[in-house]
Amino acid sequence: MFAQKARSDAWFPRPSLRLLEAARKQGVGKFLFVSSTSAAVPDASADSMSRGIRPSFWPHLCNVVRIENRMRELAGIG
């Protein structure tokens, strides 16, 4: 499980978060992130503003939540 988490961290959220920051610095106002319709706490999956699932649930999905949460922060809705 640790190797899967390390790979997911290195290959997905780090580059995605760097891309968000670079886009923001260049004045990009909107950013479309294709993720999952259920990157939320399972009981709150109908709530698109849910702050995410438990970190131990699934490493890749947790990284999707990290990216979505950062996008909310950048948009001023986090």
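Residues numbered from 1 in each chain as written. Predicted model: local features only at pLDDT ≥ 70, side-chain atom pairs only at ≥ 80, totals over all residues. Heavy atoms only, no water.

Asks: How would you sum up the overall build of the protein? Please name residues and give values.
Replies: When its secondary structure is counted, the protein shows 3 helices and 0 strands. Along the protein, helices and strands appear, N-terminal first, in the series α-α-α. In the protein, which comprises 78 residues, the proportion classed as buried is 28%. Look at the contacts in the protein between residues 6 or more apart in sequence, and 57% of them connect residues 24 or more apart. By element, 59% of the accessible surface of the protein is carried by carbon and sulfur atoms, the whole surface being about 5,500 Å². (Helix = DSSP H or I, 4+ residues; strand = E, 2+ residues; numbered from the N terminus. Buried < 20%, exposed > 50% of the residue type's maximum accessible area, 1.4 Å probe, protein only. Contact = heavy atoms within 4.5 Å. Areas by Shrake-Rupley, 256 points an atom, 1.4 Å probe, with all protein chains shown as cover.)

Asks: Summarise the pattern of salt bridges; cite the residues concerned and give the values.
Replies: Counted under the stated rule, the structure contains 4 salt bridges. Note that glutamate 21 and arginine 70 form a salt bridge whose closest N and O atoms lie 2.7 Å from each other. Highlighted residues: glutamate 21 in helix 2 (residues 13–25) and arginine 70 in helix 3 (residues 59–75), separated in sequence by 49 residues. Classification of arginine 70 by relative accessible area gives partly exposed; the value is 25%. (Salt bridge = Lys/Arg side-chain N within 4 Å of Asp/Glu carboxyl O.)

Asks: Give a detailed account of helix 3, specifying residues and quantitative values.
Replies: An ideal rise of 1.5 Å per residue puts 24 Å on 17 residues; helix 3 measures up with 24 Å between its terminal C-alpha atoms. Those residues of helix 3 that fall on the buried side of the exposure criterion are Pro59, Leu61, Cys62, Asn63, Val64, Val65, Ile67, Glu68, Asn69 and Arg72. Following helix 3 by one or two positions, glycine 76 adopts a phi angle in the positive range, close to 80°. (Expected span 1.5 Å × (residues − 1).)

Asks: Summarise the layout of surface pockets; cite the residues concerned and give the values.
Replies: Its boundaries defined by the atoms lining it, the largest pocket holds a volume of some 270 Å³. Every residue along the wall of the largest pocket is listed here: Leu20, Ala23, Arg24, Val28, Gly29, Lys30, Phe31, Met71, Arg72, Leu74 and Ala75. Among the secondary structure elements, those contributing two or more residues to the lining of the largest pocket are helix 2 and helix 3. Broken down by element, the residue count for the lining of the largest pocket peaks at 4 residues, all from helix 3. When grouped by side-chain class, the residues that make up the lining of the largest pocket number 7 nonpolar, 1 polar and 3 charged. (1 Å grid on protein atoms, 1.4 Å probe; cavity = no way out; pocket = protein on both sides within 12 Å on 5 of 7 lines; lining within 4 Å. Points joined across faces, edges and corners; volume = space filled by probe spheres on them. Nonpolar A, V, L, I, M, F, W, Y, C, P; charged D, E, K, R; others polar.)

Asks: Kindly report on the packing of helix 2 against helix 3, identifying the contributing residues and their values.
Replies: Relative to each other, helix 2 and helix 3 sit at 15°, their axes nearing to 10 Å. By the angle between their axes, helix 2 is roughly parallel relative to helix 3. Crossing geometry of helix 2 relative to helix 3 is assigned as right-handed. For the pair helix 2 and helix 3, contact is made by Pro13, Ser16, Leu17, Leu20, Glu21 and Arg24 and by Asn63, Arg66, Ile67, Arg70, Met71 and Leu74, respectively. Of the residues contributing to the contact of helix 2 with helix 3, the split by class is 6 nonpolar, 2 polar and 4 charged. (Axes fitted to C-alpha atoms, helices over the stretch in contact; angles between N-to-C directions. Parallel < 35°, antiparallel > 145°, perpendicular 65-115°, else oblique. Left-handed = near helix turned anticlockwise from the far one by under 90°.)

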